[in-house]
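Analysis of the macromolecular model
Below are the chains, spelled out letter by letter.
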Amino acid sequence: MNVLYLVAVMPPEPVLSEVWGLKQEVHRLTGSRNALKLPAHITLIPPLRQPPEFEIKFRAALSAFAATQAPFAVGLRNFAWFGDRTLFVQINQPAGIQAFQAQLEAWCATHLPEVPREKRSFTPHMTLATRDLSSTQVPELRTLFAARHFEAEFSVQAFQLFRHDGRAWHVIEEFGLNGPTNQLSREI
């Protein structure tokens, strides 16, 4: 049976908790639950299914990639939408994360051909609500978040590999940029 994986950047505290608080607020207002399935993050490699034996190769390739990368800054500012389905925190300094993701995609093309290439262009963001928003709730939510201001900046020092166990996502490894990896297994 294939396993579901995801590669993402999680912001450090206090940004992690601040964005999580926004996700919870949207949930309280709308009942939207999809975005609560993962902590605040920027997806680098969308969910993909692979056989369990792929994980060893995946971890090794991601670790080798991380050793080639330097930390970089990400800035967040305010909110935007993908259509009427997805509310997100905007990345206002996208060049660093876009370059990082492009390098990761190229690395995977060479070292992990099993990882499918994304057909859509990479738009870095942190999702607050997605897909399960009722269309009747969108106008009020748009108005509410258009009037709000949010701003944060953080240094990306690592990225995370998640694995889904059928019930929840778990960070199974964190890859430090230009540094050693840190084995983790915690439920998110």
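Before any of the text, the structure's been laid out above.
The notes below deal with the structure included here.

All right, on to the pairing of strand β3 (residues 72-82) then. Pairing of β3 with strand β6 (residues 151-156), which is carried by six bridges, proceeds in the antiparallel orientation. In the sheet register, G75 faces β6, and the bridge partner there is E153. For β3 and strand β4 (residues 86-91), the ladder comprises five bridges, and the chain directions are antiparallel. Counterpart to A80 in the pairing with β4 is F88.

Enumeration according to the criterion identifies 13 aromatic pairs in this entry. With a centroid separation of 6.4 Å and an interplanar angle of 90 degrees, the aromatic rings of F162 and W169 are classed as edge-to-face. What makes W169 buried here is its relative accessible area of 7%. Members of the aromatic cluster, each reached through a chain of ring pairs, are F65, F72, F100, W107, F159 and F175. Sitting over the face of the ring of F145, R148 holds its NZ or CZ atom 4.9 Å from the ring centroid.

Our next topic: the pairing of strand β7 (residues 158-164). Across the seven residues of β7, five count as buried, placing the element largely inside the fold. Note: strand β1 (residues 3-9) against β7, five bridges, orientation antiparallel. Each bridged residue has a counterpart across the sheet, and for A8 the counterpart in β7 is Q160. When β7 meets strand β8 (residues 169-176), the two strands line up antiparallel, connected through seven bridges. Bridge pairing in β8 links H164 to W169. Between β7 and β8, which pair antiparallel in sequence order, lie four residues; one of them, G166, sits at a positive phi of approximately 100 degrees.

Conventions adopted
- Residues numbered from 1 in each chain as written.
- Predicted model: local features only at pLDDT ≥ 70, side-chain atom pairs only at ≥ 80, totals over all residues.
- Heavy atoms only, no water.
- Pairing = 2+ DSSP bridges.
- Helix = DSSP H or I, 4+ residues; strand = E, 2+ residues; numbered from the N terminus.
- Phe/Tyr/Trp six-rings, centres within 6.5 Å; stacked < 30°, edge-to-face > 60°.
- Buried < 20%, exposed > 50% of the residue type's maximum accessible area, 1.4 Å probe, protein only.
- Lys NZ or Arg CZ within 6 Å of the ring centre and 35° of its normal.

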